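The lines below spell out each chain.
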Amino acid sequence: MDSLISLSIAKNYGCFPSRIAICGDVRVLSGFQKPMVATKKTRTTIVNVASNMVDERRLVAWTSVRQERWEGELVVEGEIPKWLNGTYLRNGPGLWHLGDYGFRHLFDGYATLVRLNFHHGRLVMGHRQIESNAYKAAKKSNKLCYREFSEVPKHDNFLTYIGDLASLFSGASLTDNANTGVVKLADGRVVCLTETIKGSIVVDPDSLDTIEKFEYSDSWSGLIHSAHPIVTDTEFITLLPDLLNPGYMVVRMYPGTNERKVIGRVDCRGGPSPGWVHSFPVTEHYVIVPEMPLRYCAQNLLKAEPTPLYKFRWYPESKGFMHVMCKASGKIVASVEVPLFVTFHFINAYEEKDEDGRITGVIADCCEHNADTTILDNLRLQNLRSWSGEDVLPDARVGRFRIPLDGSKNGELFAALNPDEHGRGMDMCSINPNFLGKQYRYAYACGAQRPCNFPNTLTKIDLVDRKAKNWYDEGAVPSEPYFVARPGATKEDDGVVISMISDKNGEGYALILDGTTFEEIARAKFPYGLPYGLHGCWVPKN
Ligand SMILES: CC1=C(/C=C/C(C)=C/C=C/C(C)=C/C=C/C=C(C)/C=C/C=O)C(C)(C)CCC1
Ligand SMILES: [Fe+2]
């Protein structure tokens, strides 16, 4: 095991360095120092230290990545199917420290890209920081230079503060830290994304090199977009929230181009600003635009100190809506009021038909937080790191919207299965991508085994039998389960599910589950535990 570039460690934090100065060159390869020999006198202290270490090791998911990059082959326990050839990439905010300063929120961290390269049963792993301008500037000056999710650069005086506000309107002070997701476009380019449009960065899936900014060649002037575009072999669809004239532009980009073309526009029906659209679903013919009562808030965007809901505000009186836009014409075919909801991740959507094959409605499924915004506060790093054993993870469910297309004013929202099936935890979902926009049966997600403060299981949801199969490793934090279909498969769940686990010993491993049985078929230990990551994509071997 060797590091290519290591980071200098300013001090120890828990079992891992908490303060990583991203400018040094000290190599840090192994975790713990030589154990002390316990005498009667020192025993109590040592016991305390030891139990602290156990606690702190558990925090590896919330501890900054220990070095800038690493690459090497992993030892595989079990058997990786020989048909699994390609690269699983996972992006996420993996570095939350600048010198002595620790970031506040999970979503603030600088992007860490991890790759698992599968080749005929063998597995090579690598990770590397994405070289965004925000990361490079922080590395150079050892301070925050751009506005992150909850962090705002400190100002020396009033004039620089005014300058920062002005550059917020132009987008210059917003981050390009592409720490949320990664997609493979149909033309082969691999792009890391966040919610700021400037944070779209092309990377090399093999070397993890940052290649260039993904520059959109059109003239849409907005600053933010959905973090989860819909990407297929024929198009890339995304939503551009319009904060000035509340609504959303729905745009499409064809493979091989950088130009987003408008499909249509949805005007908001409630509130002073559009609802947060971290993601949205599509069916075969429609784009579904959610209007969530958790809305962007211009005043909060301007504030230097974070508000309870960061850049957003909860407007229950503004109600919640679901809009359905025809992909071909851009016309709105339905716009219904729905019960209040809070969701970040839509799972899938499909069209319902009558006996004559006429489309009567749309079903849209999401990870729904019971119209409660507290999950955002739970994801503050201090909360994630200070778990005392109580059951503090807010309940979530598979929220199923039924949107009638007969002109009715209201849509329904209900739980697609009893949330106890998955421990009332539900987020970070995936499906078999061949079923995107189509009637489907299985969803994979992180669920909960309580008590917990964060989703700690992997769950396979059967939406027909309304049952879940759950995978659990005590003390472990699994990241988004990602389904890869077996080439030639005819059954929806014929494939594997890949996840990366930060375990209770401060270590980590790649986990491969069988898509059908949801049982472990292989695991491969990482050289050291990695921080939690958000979303991934599959780059098949060509
Ligand atoms: C950087 C700015 C912004 C960035 C927004 C970002 C980076 C949003 C990221 C949202 C994510 C990763 C949501 C994930 C949710 C996961 C959940 C709920 C998991 C739950 C587990 O139980 C803006 C705010 C867009 C604008 C200012 C600058
Ligand atoms: Fe997301």
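Residues numbered from 1 in each chain as written. Chains lettered and ligands numbered in written order. Predicted model: local features only at pLDDT ≥ 70, side-chain atom pairs only at ≥ 80, totals over all residues. Heavy atoms only, no water.

The chain appears in an unreviewed UniProt entry as Carotenoid cleavage dioxygenase 8 from Mikania micrantha. According to the UniProt record, the Sequence similarities (unreviewed entry) comment for the chain is "Belongs to the carotenoid oxygenase family." (UniProt positions renumbered as here; feature names shortened; annotations may be inferred.)

**A few points about the side chain of H228**
One can find H228 in the loop between strand 14 (210-213) and strand 15 (230-231). For H228, a relative accessible area of 19% puts it in the buried group. Looking at H228, its side chain comes within polar contact range of the side chain of H345, at 3.4 Å. Beyond its immediate sequence surroundings of up to four residues, H228 is in contact with H278, S279, F280, H345 and H535. (Helix = DSSP H or I, 4+ residues; strand = E, 2+ residues; numbered from the N terminus. Buried < 20%, exposed > 50% of the residue type's maximum accessible area, 1.4 Å probe, protein only. Polar contact = N/O pair within 3.5 Å; in protein donor to acceptor, adjacent residues only side chain to side chain. Contact = heavy atoms within 4.5 Å.)

**Quick look at the packing of aromatic side chains**
Summed over all chains, the structure comprises 21 aromatic pairs. Linked through ring pairs, F107, F149, W276, Y296, Y310, F312 and F344 together constitute an aromatic cluster. The ring of Y442 has K460 lying over it, and the distance from NZ or CZ to the ring centre is 4.4 Å. (Phe/Tyr/Trp six-rings, centres within 6.5 Å; stacked < 30°, edge-to-face > 60°. Lys NZ or Arg CZ within 6 Å of the ring centre and 35° of its normal.)

**Digging into helix 3 (residues 158-170)**
Taking 1.5 Å per residue, 13 residues should reach 18 Å; helix 3 reaches 19 Å between its end C-alpha atoms and fits that length. Along helix 3, the residues that are buried comprise D164, L165, S167 and L168. The buried residues of helix 3 occupy one face: seen down the axis, they fall within an arc of 170°. Opposite its buried face, helix 3 presents the exposed residues F158, L159, F169 and S170, each directed more than 90 degrees away. (Expected span 1.5 Å × (residues − 1). Arc of directions from axis to C-beta.)

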